[in-house]
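# Commentary on secondary and tertiary structure
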Amino acid sequence: MRLRRKGVVIAWLVLGAPLRAQAPPHSDISWTAEHLPESLQDSRLLAFPWPAGRLAPGAWQTTFDFAGQSVRADSADATGLLASASATRALSERFALGALAFFDRATISGEGTRAFLRSSLWSGVPLDLPAFADFTHPRGEIRHWGAGGYAAWEKERPGARWRQTLLAGAYLERLEISRFRFDFELASGADTGVRGALDWSATYTFVTPFVGIGWTRDLGASWTTSPRLIAGLPLPRRRLEGTVSGPGFSIAGEARGGAVGDAYLGVNWEFRHRPTGLGFDLGSSLWFSGTEGVTHEGIHRAYLAHLSWSFGGGKSRDRS
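Residues numbered from 1 in each chain as written. Predicted model: local features only at pLDDT ≥ 70, side-chain atom pairs only at ≥ 80, totals over all residues. Heavy atoms only, no water.

Quick look at the overall build of the chain now. Scanning the chain from terminus to terminus reveals three helices and 14 strands. In the chain, which comprises 320 residues, the proportion classed as buried is 45%. Taking all contacts inside the chain whose residues are at least 6 apart in sequence as the whole, residues at least 24 apart take part in 72%. For the chain, the exposed surface amounts to about 15,300 Å²; the carbon and sulfur share of it is 61%. (Helix = DSSP H or I, 4+ residues; strand = E, 2+ residues; numbered from the N terminus. Buried < 20%, exposed > 50% of the residue type's maximum accessible area, 1.4 Å probe, protein only. Contact = heavy atoms within 4.5 Å. Areas by Shrake-Rupley, 256 points an atom, 1.4 Å probe, with all protein chains shown as cover.)

Across all of its chains, the model carries twelve aromatic pairs by this definition. Note on Tyr-171 and Phe-210: the rings are 5.7 Å apart at their centroids and 35° apart in plane angle, and the pair reads as tilted. You can see Tyr-171 sitting in strand β6 (residues 162-186) and its partner Phe-210 sitting in strand β8 (residues 202-219), a full 39 residues away along the chain. The residues Tyr-171 and Phe-210 share a single accessibility class, namely buried. On the numbers, 6.3 Å between centres and 40° between planes, the contact of Trp-223 with Phe-280 is tilted. Placement of the pair is Trp-223 in strand β9 (residues 223-232) and Phe-280 in strand β13 (residues 278-281), with a sequence separation of 57 residues. Classification of Trp-223 by relative accessible area gives partly exposed; the value is 34%. (Phe/Tyr/Trp six-rings, centres within 6.5 Å; stacked < 30°, edge-to-face > 60°.)

A few words now on helix α3 (residues 282-295). For α3, with 14 residues, the first-to-last C-alpha span of 20 Å sits near the 20 Å given by 1.5 Å per residue. Where α3 bends most, the angle comes to about 30°, and this point is Ser-289. Those residues of α3 lying buried are Gly-283, Ser-284, Phe-288, Thr-291 and Glu-292. Structurally, the start of α3 carries an N-cap: the backbone nitrogen of Gly-283 is 3.3 Å from a side-chain oxygen of Asp-281. (Expected span 1.5 Å × (residues − 1). Bend = angle between axes of the 7 residues up to and from the residue. Polar contact = N/O pair within 3.5 Å; in protein donor to acceptor, adjacent residues only side chain to side chain.)

A cluster of nonpolar residues, Leu-219, Trp-223, Leu-278, Phe-280, Leu-307, Trp-309 and Phe-311, forms a patch on the protein surface that exposes about 630 Å² of accessible area. The set of elements that each furnish at least two residues to the nonpolar patch consists of β13 and β14 (299-312). In terms of residue count, the dominant contributor to the nonpolar patch is β14 (three residues). (Patch = residues over 30% accessible without salt bridge, like charges linked within 9 Å, V, L, I, M, F, W, Y side chains within 5 Å. Salt bridge = Lys/Arg side-chain N within 4 Å of Asp/Glu carboxyl O.)

Turning next to the nonpolar core. Counting residues in each nonpolar core, the largest one holds 61 residues, and the members touching the most others are Leu-117, Trp-122, Phe-135, Phe-184, Leu-198 and Trp-200. Apart from residues lying up to four places away in sequence, Phe-135 is in contact with Ile-29, Glu-111, Gly-112, Thr-113, Ala-115, Leu-117, Phe-182, Asp-183, Phe-184 and Leu-198. (Core = buried A, V, L, I, M, F, W, Y, C linked by side-chain atoms within 4.5 Å.)

Attention now moves to the environment of Ser-86. With respect to the element layout, Ser-86 can be found in strand β2 (residues 77-90). Classification of Ser-86 by relative accessible area gives buried; the value is 3%. Sequence-wise, Ser-86 and Ala-101 are 15 residues apart; in three dimensions their C-alpha atoms are separated by 6.6 Å. A distance of 2.8 Å separates a polar atom in the side chain of Ser-86 from the backbone oxygen of Pro-49.

So, about the pairing of β13. Because side chains alternate across β13, one face comprises the buried residues Gly-279 and Asp-281, and the other comprises Leu-278 and Phe-280, none of which is buried. Two elements, strand β12 (residues 264-273) and β13, share four bridges in a ladder whose sense is antiparallel. Considered in β13, the bridge of His-273 is made with Leu-278. Adjacent in sequence and paired antiparallel, β12 and β13 are bridged by four residues, among which Gly-277 carries a positive phi angle near 80°. Pairing analysis gives three bridges linking β13 to β14, with the strands arranged antiparallel. Counterpart to Gly-279 in the pairing with β14 is Ser-308. (Pairing = 2+ DSSP bridges.)

Looking now at unusual backbone geometry. Along the chain, Leu-129 connects to Pro-130 via a cis peptide bond; the corresponding omega equals 5°. Along the chain, Pro-130 turns up in the loop between β4 (113-117) and β5 (131-155). Note the cis peptide between Leu-235 and Pro-236, where omega equals -10°. Its identity is not glycine, yet His-137 carries a phi of approximately 50°, on the positive side.

Scanning the entire structure with this criterion turns up 18 salt bridges. Here Arg-105 makes a salt bridge to Glu-141, at a shortest N to O gap of 2.5 Å. Remark: Glu-141 occurs in strand β5 and Arg-105 occurs in strand β3 (residues 95-109); sequence separation between them is 36 residues. Take Arg-105: its relative accessible area is 38%, and that puts it in the partly exposed class. Residues joined in a network through salt bridges with shared partners are Arg-105, Glu-141, Arg-143, Arg-174 and Glu-176.

Rendered as structure tokens:
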């Protein structure tokens, strides 16, 4: 009897392993289609063009920001460049108004992977789904652009080492996903071997309110350091759109579960060289690398390099 039970356990371990390996995962290929574009939205908030100088009544200050992003997900990679600019006019030593504009672009590539394909986006697909499939030749482009405005408040107590800046505003953003495609071949189920393609091309428009808070301190005569927090919420959230095609059919639909446009909290820590106006944001690089895979399932590697150039604004005040 004991030998028989041991035999059952061994058989379950040996024969059940392949079945467990083929068990439906929590996520599927649509997670990559959703999370790669959203990573560009996250990078945009991290590479926000903050006003860098002190507020001085009537004075303008301008900031240009540039960033490079590289993200690797389960089945595709996204590599892009981000550019933005802002102009801020101080109405007093405590209050200012500003405007910003940005344009970001990323290309999609990679080697593909084996992943799960569900029919949650489409009805009437003549395939035996859900099923595993081999996804190959990911390609496409993401363009992200927009403009908006903000108000800035600054507070600096006499003799204090830190001055505090608070931002609040909103921007209109447009996320254009074009020719984002995967080829696939079903690897399980009754339709094993059937080939087709997924196309995630779509355009999403959001109004994104944001708030930010930063603290700036002088480091000697030539440098400043500025840790910052910024948060944004794209509204309204949009359902993920996609098209599946195969032998004799092409069906478009919207996801019933997944949505594009997530709330995001970002962290910066910039070091600025005052004579040249150049800023080096080490904090956003560490934050993006350490958290993007947590906030967006399926992303395994995330890099961001962020530089800025700012000029104008008020001079240092005498604290003596």
